[in-house]
Amino acid sequence: MKTIRIGNGQGFWGDNVDAPVELLRGGPIDYIGMDYLAEVTLSIMMRQKLRNPKLGYATDFIGFIRRVLPEIKERNVRVLTNAGGLNPRACRNRIFEVARELGVTGLRVGVVEGDDLLPRLKDLTAAGHALKNMDTGEPLAPHLDKVMSANAYLGARPVVEALKAGAHIVLCGRITDTALALAPMIHEFGWGPADWDLLAAGTIAGHIIECGAQCTGGNFSRFWEVPDLWNVGYPVVEAGEDGRFTVTKHEGTGGMVTVDTVAEQLVYEMSDPTGYITPDVTADFTSIRLKQDGKDRVEVSGIQGRANTPFLKISASYLAGYKASGQITLSGPRAIEKAKLAAEIVWKRLERAGVTFAPEDRETELMGTGACLPGILPVPDDLPEVVLRLGVRSPESAPVERFGKEIAPLVTAGPPGVTGFAGGRPKPQEIVAYWPALLAREEVESRIEVTVEEV
Amino acid sequence: MRVKLETIAHARSGDKGDASNVGLIAQSPEIYEVLRAQVTAERVKEHFREVCRGPVQRYELPNILALNFILHDSLGGGGTESLKNDAQGKTHAQGLLQMEIDVPEGFAGGQT
C-alpha cells in the first residue's frame, strides 16, 4: 500500500526555528507543514502591510527557506504553510528573490487567496450576513470601524489544487492547521469530497501533529519519563491510502511517541469530541483507536467522519481598548506580606489620583504562591521570594498609561527587597480581540484563487 | 484509599476563547470507570471554584479512556484580552491532577 510521510515543523509563530530543518534532514519525509498564524497574528500583519505593501506575511518562513531551498527542491520535499498571512504574493516574490540568489531554478510556488474578507465586510453585513460573535451572539455591524482583520478558515481543497499544479511550496493565509496534513493525502490518494471517514482520518492526523512537539513528548504530564527533551523530534505521520496512519518521529531524536503522548494531544483544545468541525469534514474523536506499534510508533485507526457543514468559520480581530502589566520581585523574609503591601500601595495611589479600574479590569497576582491555580494549590505562609504581577485594562489609553507610572516608585518608596524592575514603565498596549463567526461557505469558496508560478 | 489524580491519570489543557478545556486520561480501563464515576462536572467546578466563573461541561471519550472538561469563563476574557499570567489555561491540567478521589484499597491501577 502506498504510504506518504507528512511532518509538522512549526506549531506556531515563535516555535523552534531549527525544528523544520531537523525534520527535513533527520530522516525520510515527503511533506512538511508549518503553522505561523495564531488567532490575532493577522492583525499584526495588517499593520505591517499598511506600512509596507511588501510585508504582511511570516518573515521567519523566509529564514527557513533560505536555509533549505536547494535541498527541498533536490529531494522534492513539498512545504505547505499559512506563512503567506495577508500577503502571500509578497511572500512568494521574496521566495523567488531568495531562489535567484541561491541559483535555484524550476521552483514552483503556489499561492492560495480568498480567505481575506476585510475588503468585503461592509458588503457582507449589508447583504444580511450578521457575522455574529460565536461566543456572545453579538452581530458585527456596530463594530465594523474597529475591525482590523477578518479571514475565513479555508480547507484542504485549494492546497490540493496547488499540489496538482506541481507546487513545491504552497503559501496560504488563513487555513485550518489540519488542512496542511490532509491536503497531501487527498492529493496522493485521490480521496473524494464525500469520503468522510478518510477525510476525518487525515484531519485527525493533522490535529495530532499541528502543535509540533506536543505529540512527541512536549508538554507531557509525566515529563520525567521523556528522554532528551532538549533534542525532541517533531512529528511525522506515515499515512496510508485506507485512512490508517502511524504517528512517529525520526530515529535518533529525543522525546517519545506513545499512546499517552498522542492521547494528550488529541484532547488538546477539544470541545465536543463527537463533532470536530472543519471546512473539509466533521470528525468524530470518539471513533479513534490508538495502538502502540513498536518504539515511538502509534498506529491510529477506526476513524469515522460525517458531512462538512454549510458554514466556514471566520476569524476577525478588532481593537478592544488598552492594557498593560508590570512586575517586580520581592525577595527576603516575609516576601508574600511585602508583595501584598506593594500591590496595596499601587492601587491606593492610583485611586487617590482618580484612576480607578473595575474589579474585572485589574489583576493582582503573586507569582510563586500558586497564582495560576488559586484555591487549588496550598499557599505557604512565607516564601524566599515572590514576583508581584499587576495588570489593568481600559477602553482608554490614559488610565493604563497612568498605571504604568506607579510600579517603579516601589523600588524606593515601597517595602525593602524590591528588585527585578527592568525595561522601563509598562506602556499601554492595544488589545486586539478575537471575533469568531460563521459565514455561508459559498460566499467564500466561489472566490478562492489558486495560482502557481515558477522561478 | 484517597489518591491524587496525578498518580492514576494524565492531562492536558488549552483554551477555547474565554473557556479552558482540560482533557483527563486514565491509565487503564478500570481507572477510567473510577474517573467517570467520581470526576463529575460538579466536582471539577468545585475544584476550580476560584478559577472558573461559569459552568463546567463534561464529554466522554471511552475509546481513549478520556474525559474532556470545558471550564467556561475561566480565563479573564481569554486570549489577548486577559490580564492573567495564564491567559490560555495552560496550567489547568496540572491543577486538575491535584484533585483527590477515592479508590479501592490496594487498587492495582495506580502508580506511585
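Quantities reported herein were computed from a predicted structural model and do not represent experimental measurements. (Residues numbered from 1 in each chain as written. Chains lettered and ligands numbered in written order. Predicted model: local features only at pLDDT ≥ 70, side-chain atom pairs only at ≥ 80, totals over all residues. Heavy atoms only, no water.)

In this section: the overall build of chain A. Per the secondary structure count, chain A includes 13 helices and 19 strands. A compact globule built from 455 residues should have a C-alpha radius of gyration of about 23 Å, and chain A, at 24 Å, falls within 12% of that. Each of the three principal axes of chain A carries a C-alpha extent, and together these read 70 × 55 × 50 Å. Taken across its 455 residues, chain A has 55% of its residues classed as buried. The long-range fraction of contacts in chain A, counting pairs at least 24 apart against all pairs at least 6 apart in sequence, stands at 77%. Accessible area of chain A: about 19000 Å², with a carbon and sulfur share of 51%. Charge-centre separation for chain A: the mean point of 49 positive side chains lies 5 Å from the mean point of 59 negative side chains. (Helix = DSSP H or I, 4+ residues; strand = E, 2+ residues; numbered from the N terminus. Rg over C-alpha atoms; globule rule 2.2 N^0.38 Å. Buried < 20%, exposed > 50% of the residue type's maximum accessible area, 1.4 Å probe, protein only. Contact = heavy atoms within 4.5 Å. Areas by Shrake-Rupley, 256 points an atom, 1.4 Å probe, with all protein chains shown as cover. Lys, Arg positive; Asp, Glu negative; His and termini not counted. Charge placed at Lys NZ, Arg CZ, Asp CG, Glu CD.)

Residues and elements named next belong to chain A. Of all hydrophobic cores here, the largest spans 74 residues; its most connected members are I208 and F245. Sequence-distant contacts of F245, defined by excluding residues within four places in its chain, comprise A201, I204, A205, I208, V237, E238, A239, V298, E299, V300 and I303. Judged by nonpolar contacts, the second largest core, of 41 residues, contains M46, I72, I95 and F96. (Core = buried A, V, L, I, M, F, W, Y, C linked by side-chain atoms within 4.5 Å.)

Turning to the sheet that holds strand β3 (residues 19–26) of chain B, a few remarks are in order. All names here are of chain B. With respect to topology, four strands assemble into an open sheet ordered β2-β3-β5-β4, the strand pairing being antiparallel. Each end of this open sheet is capped by a strand with a single partner; those strands are β2 (9–16) and β4 (56–61). Direction aside, neighbouring strands of the sheet carry axes that sit 20° apart on average. Bridge analysis of β2 against β3 gives eight bridges, and the strand direction is antiparallel. Bridge assignment links R12 to a residue of β3, and that residue is G23. (Pairing = 2+ DSSP bridges. Axes fitted to C-alpha atoms, helices over the stretch in contact; angles between N-to-C directions.)

Two strands in a sheet stick together by hydrogen bonds in their backbones, pointing the same way (parallel) or opposite ways (antiparallel). Residues and elements named next belong to chain A. On the basis of which strands lie adjacent, the open sheet formed by three strands has the order β9-β10-β13 and antiparallel pairing. Each having just a single partner strand, β9 (276–277) and β13 (304–306) make up the two edges of the open sheet. In this sheet, β13 lies alongside strand β10 (residues 282–284) in antiparallel orientation, the contact comprising three bridges. When the sheet's bridge partners are listed, A283 is paired in β13 with G305. Together, β9, β10 and β13 form the strand contacts of helix α8 (residues 196–209), whose direction differs from that of β13 by roughly 110°.

On to α8 of chain A. With 14 residues, α8 of chain A should cover 20 Å at 1.5 Å per step; its first-to-last C-alpha distance of 20 Å lies within 8% of that length. Judged by how many residues are buried, α8 of chain A sits mostly within the fold: twelve of 14 residues are covered. (Expected span 1.5 Å × (residues − 1).)

Turning our attention to the domain arrangement of chain A. Interface extent is often summarised as the accessible area lost during association of the parts. Residue and element names in this part refer to chain A. Entries for chain A in the domain assignment read domain 1 (3–115 + 153–309) and domain 2 (319–435). Averaged C-alpha coordinates put domain 1 and domain 2 at centres separated by 39 Å. Listed per partner, the contact involves four residues of domain 1 and four residues of domain 2. A buried area of about 370 Å², summed over both sides, lies between domain 1 and domain 2, and 56% of it is on carbon and sulfur atoms. It is E39, V40 and R47 in domain 1 that bury the most area against domain 2; as a group they hold 80% of the surface buried on that side. Counting across the domain 1 and domain 2 interface gives one salt bridge. Among the ionic pairs, E430 bridges to R47, the shortest N-O distance being 2.5 Å. (Domains from an automatic or database assignment. Buried area = accessible area lost by both parts, 1.4 Å probe. Salt bridge = Lys/Arg side-chain N within 4 Å of Asp/Glu carboxyl O.)

Let's shift gears to the interface of chain A and chain B. Contacts between the two partners involve 47 residues from chain A and, on the opposite side, 41 residues from chain B. Across the interface of chain A and chain B, roughly 3600 Å² is buried in total on both sides, 55% from carbon and sulfur atoms. Sorting the residues of chain A by area buried against chain B places V267, E269 and I376 of chain A first, and these three jointly supply 16% of that buried surface. Here chain A is connected to chain B by two salt bridges. We note a salt bridge from E363 of chain A to K84 of chain B, for which the minimum N-O separation is 3.9 Å. Linking chain A to chain B there are 25 residue pairs in polar contact (both at pLDDT 80 or more). Among the elements of the structure, α9 (259–266), β11 (289–292), β14 (311–331), β15 (362–367), β16 (385–394) and β18 (429–440) of chain A are those that each provide at least two residues to the side of chain A that touches chain B. Broken down by element, the residue count for the side of chain A that touches chain B peaks at five residues, all from α9 of chain A. Class assignment of the residues belonging to the side of chain A that touches chain B gives a composition of 22 nonpolar, ten polar and 15 charged. (Polar contact = N/O pair within 3.5 Å; in protein donor to acceptor, adjacent residues only side chain to side chain. Nonpolar A, V, L, I, M, F, W, Y, C, P; charged D, E, K, R; others polar.)

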